[in-house]
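Residue-level structure breakdown
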Amino acid sequence: MKSVFKKNSKLMTSFLEFTTASRAKLAGLALISIPLISSCSDPASVGLELAPGNNQIGVFYEEFVLDAQLVLLDSFNTVNAVNSAVLVVGNESDPYFGKTDATGFSRLYIDATKDRPTDEAILDSMFFNMDVVSVNGADLENPKRYRVHKLTEPILDTLYYNFDALAFQADAFAEGEITFGEDIRDTVMRLSVTEEFQEELFGKITDEFEFQTLFSFRNYFPGIAIKATEGDNTTIGTVLGANTGIATYYHYAGDTVSQRYDINTSSSRSFNGVKSDRSGTPTEVVTEYGESYPVSPLVGMKSTVAMALRIDTSPLDAFLDTLSGVTFNQVLFSMGEIESQDEENNPISGMVMIFVDQNNEPIKSTLNSSALYVQTDGQAQVVLDSNGDKVPSNVYANAAILSYVADEKTYLAGITSHVNAIYRGDLQRQDWLLYASTPQTGDDFKRSLRQFKVNKDKVTVKVIYSKTR
């Protein structure tokens, strides 16, 4: 996975040296400040739902809290939503995260070799179509309204970041509303185009200059900005391609059927820009990029705004220092239940756990300088480098996933192998940054406004272990 951090990040280029810290020194201090919720409890009465077969004598259950802090990641690249080509369009208001306004910016595309209507053509109608592939929000039984504006400056062949924006005309040239019922989540919206714009554009289409080449067209029409309406509290994902763009219907005298000319977003450069106003909310204190903020009692994450969580894993050291001669049957990292949100406002679906240093920068592998992730259970946690030394494995495809379990409103990740590696001294414990991306679903942090909130005392590690005889 490519760097997900700020464009000016100075990321570490080598992993911390593997030296086994003295757990005895850590335990005394950590156990004073981080009390265990339960200790050495009888497995016959607690924790068995984690491992139902482990109710034999000598099996123990522990649960303890990991501190979570808010981190606002610096601007990251959202050009074509980083290979997914989805425009994020939404306007949301939340008492914790504040007001969030997401605008999708894109160029338009024409095939200059395609036949165009001539000046004898008669305009029938014109629409702006949007290929909606995802909907997330509140009160979806009520109509949601969207507008399309013409850019007044071009989208350049450069990188654009989540807090970037371009100027556009104040008046929209296309506008319309849709009600996303239970059966409408994947649809093509049809927005009405103003008569004034229809006349202007159709005149240009039949002209010989503006539509002669793609470059002359983009000089005339730099691109579009798609906006949602304040108060709708809904975000959509609009995919670029043949189904998103301007459809013009026309005919000639004597025709019985209209012909169609398309200006679409195929092969078009795009990016997502977000405005976030957190004033008057608990998160208004989060102002500096890359800093950790101990907001209480709730913490949370919000995609594209880049509000992430740093997890302090030091209680693992304190816990492991109390053990000797044990086998870990199951270790779960858990967050939740999360705070209730609208049934149709789906939370972030999954996250990876990135090893980070004290500055919230990813710790990088000595093997290939890529970021290090907690590896999933059953996969190698460490590998040998060219010198025969053990170093952390960094296979992104094998990253452990903190997945959302909808029925329990809880995020869960198995970290048994990870904790075993720390306990054996093969792996040095690191703090984690939770990032909304998985190898299966892609980078949700760059193509939605999904969010969740959770009470800090519900960020826990649950452990079932056996004492060896």
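In case you missed it, the structure is sitting above this.
Let us look at the structure shown here. Just so it is clear, the model here is predicted, and its values are computed rather than measured. (Residues numbered from 1 in each chain as written. Predicted model: local features only at pLDDT ≥ 70, side-chain atom pairs only at ≥ 80, totals over all residues. Heavy atoms only, no water.)

1. Things to note about the pattern of salt bridges
Scanning the entire structure with this criterion turns up 17 salt bridges. With a closest N to O distance of 3.8 Å, Glu 200 and Lys 150 form a salt bridge. Taken together, the residues span a long stretch of sequence, with Glu 200 in helix H3 (residues 195–205) and Lys 150 in strand S7 (residues 144–150) at a distance of 50 residues. Lys 150 sits in the buried class, given a relative accessible area of 9%. Close ionic contact of Asp 426 with Lys 390 constitutes a salt bridge, the shortest N to O distance being 2.8 Å. You can see Asp 426 sitting in the loop between helix H6 (416–424) and strand S24 (431–435) and its partner Lys 390 sitting in strand S21 (residues 390–392), a full 36 residues away along the chain. (Salt bridge = Lys/Arg side-chain N within 4 Å of Asp/Glu carboxyl O. Helix = DSSP H or I, 4+ residues; strand = E, 2+ residues; numbered from the N terminus. Buried < 20%, exposed > 50% of the residue type's maximum accessible area, 1.4 Å probe, protein only.)

2. Focus on the side chain of Asp 131
Inspection of the secondary structure puts Asp 131 in strand S6 (residues 122–137). Buried charged residue Asp 131 carries no salt bridge. Nearest counter-charge: Arg 260, at 10 Å. Look past the residues within four positions of Asp 131 in its chain and what remains in contact with it is Asp 186, Thr 187, Val 188, Gly 237, Thr 238, Val 239, Asn 243 and Thr 244. (Lys, Arg positive; Asp, Glu negative; His and termini not counted. Contact = heavy atoms within 4.5 Å.)

3. Observations concerning H3
Taken residue by residue, H3 has Phe 197, Gln 198, Leu 201, Phe 202 and Ile 205 as its buried positions. The buried residues of H3 occupy an angular sector of 120° when projected down its axis, which confines them to one face. Exposed side of H3, more than 90 degrees from the buried face: Glu 196 and Glu 199 are the residues found there. In this fold, the buried residues of H3 make contact with S6, strand S9 (187–193), helix H4 (214–220), strand S12 (245–251) and strand S13 (259–264). (Arc of directions from axis to C-beta.)

4. Focus: the environment of Asp 171
With respect to the helices and strands, the residue Asp 171 is situated in the loop between S7 and strand S8 (174–178). Relative accessible area serves as the criterion here: at 63%, Asp 171 is assigned to the exposed category. Taking the C-alpha atoms as reference, Asp 171 lies 9.1 Å from Arg 147; in sequence the two are 24 residues apart.

5. Points about the packing of aromatic side chains
What describes a pair of aromatic rings is the distance from one ring centre to the other and the angle between the planes of the rings. Summed over the entire model, instances satisfying the criterion amount to 25 aromatic pairs. Judged by centre distance (6.4 Å) and plane angle (70°), the rings of Phe 127 and Tyr 249 are edge-to-face. Separated by 122 residues along the polypeptide, Phe 127 in strand S6 and Tyr 249 in strand S12 bring together distant segments of the chain. Take Phe 127 and Tyr 249: they sit in the same class, and that class is buried. (Phe/Tyr/Trp six-rings, centres within 6.5 Å; stacked < 30°, edge-to-face > 60°.)

6. Concerning a negative patch on the surface
On the surface, Asp 119, Glu 120, Asp 207 and Glu 208 cluster together into a patch of negative charge. Note that Asp 119 resides in the loop between strand S5 (98–106) and S6. (Patch = residues over 30% accessible without salt bridge, like charges linked within 9 Å, V, L, I, M, F, W, Y side chains within 5 Å. Areas by Shrake-Rupley, 256 points an atom, 1.4 Å probe, with all protein chains shown as cover. Charge placed at Lys NZ, Arg CZ, Asp CG, Glu CD.)

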